[in-house]
Every structure is written in C-alpha cells, then in structure tokens.
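Coordinates in review
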Amino acid sequence: MHLLFATSIVPDGALASGYEIANAAIIDALRRAGVRVTVVGFNWPGKPAADPDNTIVLGAVDVRTESAAPLQKLAWVAKAMLSGLTFASVKLRIVSDAEVRAAIGRAGPVDGYVLNSVQFAGAFETLFGDRPSIFVAHNVEHRSAEENAAAASLLQRLLFRREARLLKVMEERLCRQARFVFTLAEEDRAALGVASTDRSAVLPLVTRSQAPAGRRRIDFDAALIGTWTWQPNRIGLDWFLQKVVPHLKPGFRIRIAGGMPAGITSAHPGVEFVGRVPDAQAFVRAAAVIPLISTAGSGVQLKTIETFELGLPSVATSRSLRGIGHRPDNCVVTDDPIAFAAALEAAAANARDVDGSAFHRRQVKALDAAIKLGLDKLGSVRQEAFA
C-alpha cells in the first residue's frame, strides 16, 4: 500500500516540537506496518527534509505567528478574512492548488491519503477527494481555539472565536469524509463525533525509537521545556508560575527552557529562564522531578510520554495525562496548586526513577495495533471500490 502523508511541515529530523515528534512516530508506525509513505508539505526555511527520497517539498514557510513581522500578521488576517479560511491554513497558501495537484502527481500512484491535522488539509481540502483518506486529529482544534479566546485580549478573542467556528465545521467535514480517524487522546474521539471503533482509534505515541537507559546526574530540582508561545502551553505555564511557584520554598531550583513570549516573569528566586537548550533530553534528565503542567488544550502531551519513557519522577495535572493509558508509580497527580507544590518538593527530596522501557514497549505495541485498525479499514474500502 502506498499512502501520501499530507502535512503542513515535513519532517526535518530535528524533532523540535511535539507536533514533529508525533509525526515521526506515526510515519514510523505506518512503515513498520509495510506501508510505503510519501510525505508532501512545506519545510522550515533552511531546514531540508530528513528523507528527501520520500518527500515532496512545496516550498519553505515559517508559520510561527510570534516571530512574524506586524505587516505579515496583518496580511495573514486580511487573507484569512477574504478567503474564508482559518488563520492557520491561510499561512500555507503560498502555492496554488495547481502546484499542489502537480506535486501529488509526482508521488506516483497512491492508494490513499493521510491528512495530518487540519492546517494543510484545510488549506487544500478540495484536492484530496479522489482517494480514500485517513484523518489524523492531533487535537480538537476548535476547542483549543475556544480556550485560547477565553485567555486573550479583545481583538485576539474575536479572531480566536472566528477560528473556532471555522475549525469546528472543518473538523466535522474532515471526519465525515475520512474512512478512518486517528486521535491522540481517547476523549478526542467523542469530541469529534467519531467514538465508534468502526470510525476511529487512539494512537498511543512514543518520542523515540528506543527507550533511553543509563545513570543520570541531578543538577537542579525541576525542569520544564516547551514551546511556550503556543497558547495552550502558555496557559499552563501561567498557571504554574502564578499558582504553584509561590508555594515553593525559596531554595527550590526551577529551570524553564524553550521559546518564551514577552512578559513572562517570576519573583521566585529559584526560577531561571534558560532559553533554547542544545539537548532537550539531557536537560530534563538533569532535573530531580518534572512538572507536567497542562491545563488547556486537547490531544496528547508529548512531554508526559517522554517523561514516562525516561522513567523520571513527575507531578502532573489531570489534563497532562490525557491520552495516557498507563501511569508509572513515580507520577503524582493533582490539580490543586498547593498540593502540586508540596508533591514537587517531596519528589525532589527523594528522586526515584523507574524503568521506562516497559512503558515504551507498551506504547509501541498499542500504536502498531491502532495503525493496523486504520489500514485494515482503508484497505477494505479500497477493495470495495475496485471490486
């Protein structure tokens, strides 16, 4: 079976975000199932595709809103309003339908499409109706937009509400047209209206091909790393800094890595913002405990999966465990800020790692089983079409 994996950003091997980690895990699982996968999409400027022989690049695009110039942001908003597309999809309209159609043709004969999230599928939706498709819903995007609106300024609130309305219609349409839907969290299946086992399955993800092993040295008490400019992550970080950190002792050492939006500060003497780090895994392994602080968004938290694969002690909100079927016994769960702070201090005082390889094996086995369900459904539809 030959499938075209249509995505906004093609893999470049860096695995710099949760989205890229999830894509790598899904593509690897498809190939383990014997599928020939050709990827089509855009690349980050200056970052070539990791697998050029099996990738069709439509051009280079930087879709990050936070780093865009004001005129570029205004141009995106104007183009979205005029076209009726979402803000996220309009960023990808730097090539025409004809150019994308020609790129699809260069892939050769394909048996179906994997429409990876709503951004690319929404930008070029009319081009993927001639073959059966699988839709991968990384999040319930319209709900994330609704949550973002609640935490935004007046203008942003209006834009997020528009985004939510359009995304809801688009997600309903993509789910309805798809032969099968993959989500990354169980609750997302019901939220998208595809809870039937005949319509969807959850993809339990991994962040690496092999579970890491080896001893580690602890250099500070807690570590957080993420794309904090992404609004759902920002909401969780604000909760942590405003509600949890004030209850931590002054000597508790917290290191926060990743791109940081303007205005993020903390009066706690132990909090240090360290920006981008060269080795994310080495950074988190240097911490006694990992705070898993999601309070918004949908889909799965890749940082939770990585923490469990590494066997690191953690304190997690209940939202951080969405999409996780098994929780190791060195993870404490609480949504109460005071209890969260107390659990962090207790875990840091007695850091207890566990073997993460069992969690990793369990995830891979479940991922491969879910992928097979979707491929079987796609295959049966294709057989009916040619019967």
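The structure this text deals with has already been given above.
Reading the values: rules and limits
- Residues numbered from 1 in each chain as written.
- Predicted model: local features only at pLDDT ≥ 70, side-chain atom pairs only at ≥ 80, totals over all residues.
- Heavy atoms only, no water.
- Pairing = 2+ DSSP bridges.
- Helix = DSSP H or I, 4+ residues; strand = E, 2+ residues; numbered from the N terminus.
- Axes fitted to C-alpha atoms, helices over the stretch in contact; angles between N-to-C directions.
- Contact = heavy atoms within 4.5 Å.
- Buried < 20%, exposed > 50% of the residue type's maximum accessible area, 1.4 Å probe, protein only.
- Arc of directions from axis to C-beta.
- Salt bridge = Lys/Arg side-chain N within 4 Å of Asp/Glu carboxyl O.

**Re the sheet that holds strand E11 (residues 287-292)**
Pairing is parallel in the open sheet, where 6 strands are placed in the order E10-E9-E8-E11-E12-E13. Only two strands of the sheet have a single neighbouring strand rather than two, namely strand E10 (271-275) and strand E13 (331-333). Neighbour-to-neighbour, the strand axes of this sheet turn through a mean angle of 25°, independent of strand direction. Packed on one face of the sheet, helix H9 (residues 231-244) meets strand E8 (220-225), strand E9 (254-257), E10 and E11 and runs near 160° to E9.

**Some remarks on helix H4 (residues 97-106)**
Turning to H4, its buried residues are Val-100, Ala-103 and Ile-104. All buried residues of H4 lie within an arc of 100° about the axis, which places them on one face of the element. Turned more than 90 degrees from where H4 packs its buried face, Gly-105 and Arg-106 sit exposed. Contacts from the buried residues of H4 go to strand E1 (2-9), strand E2 (36-43), strand E3 (55-60), strand E4 (112-116) and helix H5 (118-123). A positive backbone phi angle near 85° is found at Gly-108, which sits one or two residues after H4.

**Examining the pattern of salt bridges**
Applying the stated criterion across every chain, the model contains 17 salt bridges. In this structure, the salt-bridge partner of Glu-272 is Arg-255, at a minimum N-O distance of 3.2 Å. Residue Glu-272 is located in strand E10, and its partner Arg-255 is located in strand E9; the two are separated by 17 residues in the primary sequence. Judged by relative accessible area, Glu-272 falls into the partly exposed class, the value being 38%. Between Lys-303 and Glu-306 there is a salt bridge, and its shortest N-O distance comes to 3.2 Å. With Lys-303 and Glu-306 both in helix H11 (residues 302-310) and 3 residues apart, this pair spans about one turn of that helix. With a relative accessible area of 30%, Lys-303 lands in the partly exposed category.

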